Amino acid sequence: MRKTFIATGIILASLTSVAHANNQATMSNFSYDYAEARIGISPLTYGAGFSKSIHPNAHLTGSIDTEFDNDWDMAFGVGFHAPVNNWADITGEIKARNAKKDEGALSSSSGKLGMEVNIGVRQWLGPQLEVGGQLGHLNIDDSEKTIGSIYGRFHATELFSIGVQARFNDIYDDQIMLTTRFKY
């Protein structure tokens, strides 16, 4: 009888906790529904990307970049995002990556397949200025490296923003990217 009473108390306490957790707001501070066009500098690359929310705290993401010299860097994956406070989100992603370059470890007719795992943060500095960064691990065909990026983004309107991003140790090595995002 005593064990039944304790078990019933634990179950009721659990149900109360779950009901309270479901009532809390878990909305993100940023939009994760966008299409992006970008140009990389040194080396010159052209690219596009997208993100689509699939849950209040999860999104699909994809991108492709190329120098138009028989090369590419494609990524597709799923990510999470969660608010830290009213002005910041923590993010993370796991992506399948396919990359091809004419020289080095990525030279192949169909590209080399691998994966990326990253974690990052997005922060509002003002009503229209966003900054952020990511740190990740990239593993393609037995080649492992730590990658990272930092960026700043100006939201001209609610539906359009421009930004600059610095990538470190990625497929095209260190690179500056100029980006435009269109929210849908």
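Residues numbered from 1 in each chain as written. Predicted model: local features only at pLDDT ≥ 70, side-chain atom pairs only at ≥ 80, totals over all residues. Heavy atoms only, no water.

### Concerning a nonpolar patch on the surface
Then comes step 1: Together, Ile39, Ile41, Leu44, Tyr46, Phe68, Val164, Ile176 and Leu178 make up a nonpolar patch on the protein surface, roughly 730 Å² of accessible area in all.
Then comes step 2: Of all the secondary-structure elements, those providing two or more residues to the nonpolar patch are β1 (34–41) and β10 (173–183).
Then comes step 3: Its place among the elements puts isoleucine 41 in strand β1.
Then comes step 4: Looking at isoleucine 41, the relative accessible area reads 40%, which means it is partly exposed. (Patch = residues over 30% accessible without salt bridge, like charges linked within 9 Å, V, L, I, M, F, W, Y side chains within 5 Å. Areas by Shrake-Rupley, 256 points an atom, 1.4 Å probe, with all protein chains shown as cover. Salt bridge = Lys/Arg side-chain N within 4 Å of Asp/Glu carboxyl O. Helix = DSSP H or I, 4+ residues; strand = E, 2+ residues; numbered from the N terminus. Buried < 20%, exposed > 50% of the residue type's maximum accessible area, 1.4 Å probe, protein only.)

### Concerning the sheet that holds strand β3 (residues 58–66)
Then comes step 1: Within the closed barrel, the ten strands sit side by side as β1-β2-β3-β4-β5-β6-β7-β8-β9-β10. Their pairing is antiparallel. Across the sheet, the mean angle separating the axes of adjacent strands is 20° when strand polarity is ignored.
Then comes step 2: Bridge count for strand β7 (residues 129–140) against strand β8 (residues 143–155) is twelve bridges, and the pairing is antiparallel. For asparagine 139, the partnering residue across the bridge sits in β8 and is glutamate 144. (Pairing = 2+ DSSP bridges. Axes fitted to C-alpha atoms, helices over the stretch in contact; angles between N-to-C directions.)

### Considering the packing of aromatic side chains
Then comes step 1: Per the counting criterion, the structure on display carries four aromatic pairs.
Then comes step 2: With 4.9 Å between their ring centres and 15° between their planes, phenylalanine 30 and tryptophan 124 make a pair best called stacked. Highlighted residues: phenylalanine 30 in the loop between α1 (2–23) and β1 and tryptophan 124 in strand β6 (residues 112–124), separated in sequence by 94 residues. As far as burial versus exposure is concerned, phenylalanine 30 and tryptophan 124 are alike and both buried.
Then comes step 3: Ring plane angle 35° and centroid distance 6.2 Å describe the contact between phenylalanine 50 and phenylalanine 76, whose orientation is recorded as tilted. Here phenylalanine 50, found in strand β2 (residues 45–55), pairs with phenylalanine 76, found in strand β4 (residues 72–85); they are 26 residues apart in sequence, far enough to count as distant.
Then comes step 4: Positioned above the aromatic ring of tyrosine 34 is the side chain of arginine 181, whose terminal nitrogen or guanidinium carbon lies 3.9 Å from the ring centre. (Phe/Tyr/Trp six-rings, centres within 6.5 Å; stacked < 30°, edge-to-face > 60°. Lys NZ or Arg CZ within 6 Å of the ring centre and 35° of its normal.)

### Comments concerning empty space enclosed by the protein
Empty space among the atoms becomes apparent when a probe as large as a water molecule is rolled across them.
Then comes step 1: A complete count under the given rule lists one cavity of 30 Å³ or more for this structure.
Then comes step 2: Approximately 630 Å³ is the volume attributed to the largest cavity.
Then comes step 3: Surrounding the largest cavity, 38 residues form its lining, Glu93, Lys95, Gln134, Gln165 and Arg181 being those nearest its centre.
Then comes step 4: Residue composition of the lining of the largest cavity, by class: nine nonpolar, 16 polar and 13 charged. (1 Å grid on protein atoms, 1.4 Å probe; cavity = no way out; pocket = protein on both sides within 12 Å on 5 of 7 lines; lining within 4 Å. Points joined across faces, edges and corners; volume = space filled by probe spheres on them. Nonpolar A, V, L, I, M, F, W, Y, C, P; charged D, E, K, R; others polar.)

### Some points on the confidence of the model for the protein chain
Then comes step 1: Here the protein chain shows a mean pLDDT of 87. Residues at 70 or above account for 83%.
Then comes step 2: Confidence over residues 14–23 falls short of pLDDT 50; this stretch has zero contacts with residues more than four positions distant or in other chains. (pLDDT = per-residue confidence, 0-100. Contact = heavy atoms within 4.5 Å.)

### Some points on the pattern of salt bridges
Then comes step 1: For the structure on display, the rule yields 13 salt bridges.
Then comes step 2: A salt bridge links arginine 97 to aspartate 73, with the shortest nitrogen-to-oxygen separation between them at 3.0 Å. Of this pair, arginine 97 sits in strand β5 (residues 88–100) while aspartate 73 sits in strand β4, and the two are 24 residues apart along the sequence.
Then comes step 3: Taking relative accessible area as the criterion, aspartate 73 reaches 4% and is therefore assigned buried.
Then comes step 4: By sharing partners, the salt bridges in this structure join Glu36, Arg38, Asp65, Arg153, Arg167 and Arg181 into a single network.

### Points about the side chain of threonine 45
Then comes step 1: Structurally, threonine 45 can be placed in strand β2.
Then comes step 2: Judged by its relative accessible area of 0%, threonine 45 falls in the buried class.
Then comes step 3: At 2.9 Å, the side chain of threonine 45 forms a polar contact with the side chain of glutamine 175.
Then comes step 4: The residues touching threonine 45, leaving out its near neighbours within four places in the chain, are Arg38, Ile39, Gly40, Thr66, Glu67, Tyr172, Gln175 and Met177. (Polar contact = N/O pair within 3.5 Å; in protein donor to acceptor, adjacent residues only side chain to side chain.)

### Quick word on the layout of surface pockets
Then comes step 1: Approximately 250 Å³ is the volume attributed to the largest pocket.
Then comes step 2: Around the largest pocket sit 17 residues that line it, and Ser31, Trp124, His155, Glu158 and Lys183 are the ones nearest its centre.
Then comes step 3: Contributing elements (two or more residues each) for the lining of the largest pocket: β6, β8, β9 (160–170) and β10.
Then comes step 4: Per element, the largest residue contribution to the lining of the largest pocket is three residues, and it comes from β10.
Then comes step 5: Across the lining of the largest pocket, the residue classes break down as seven nonpolar, four polar and six charged.

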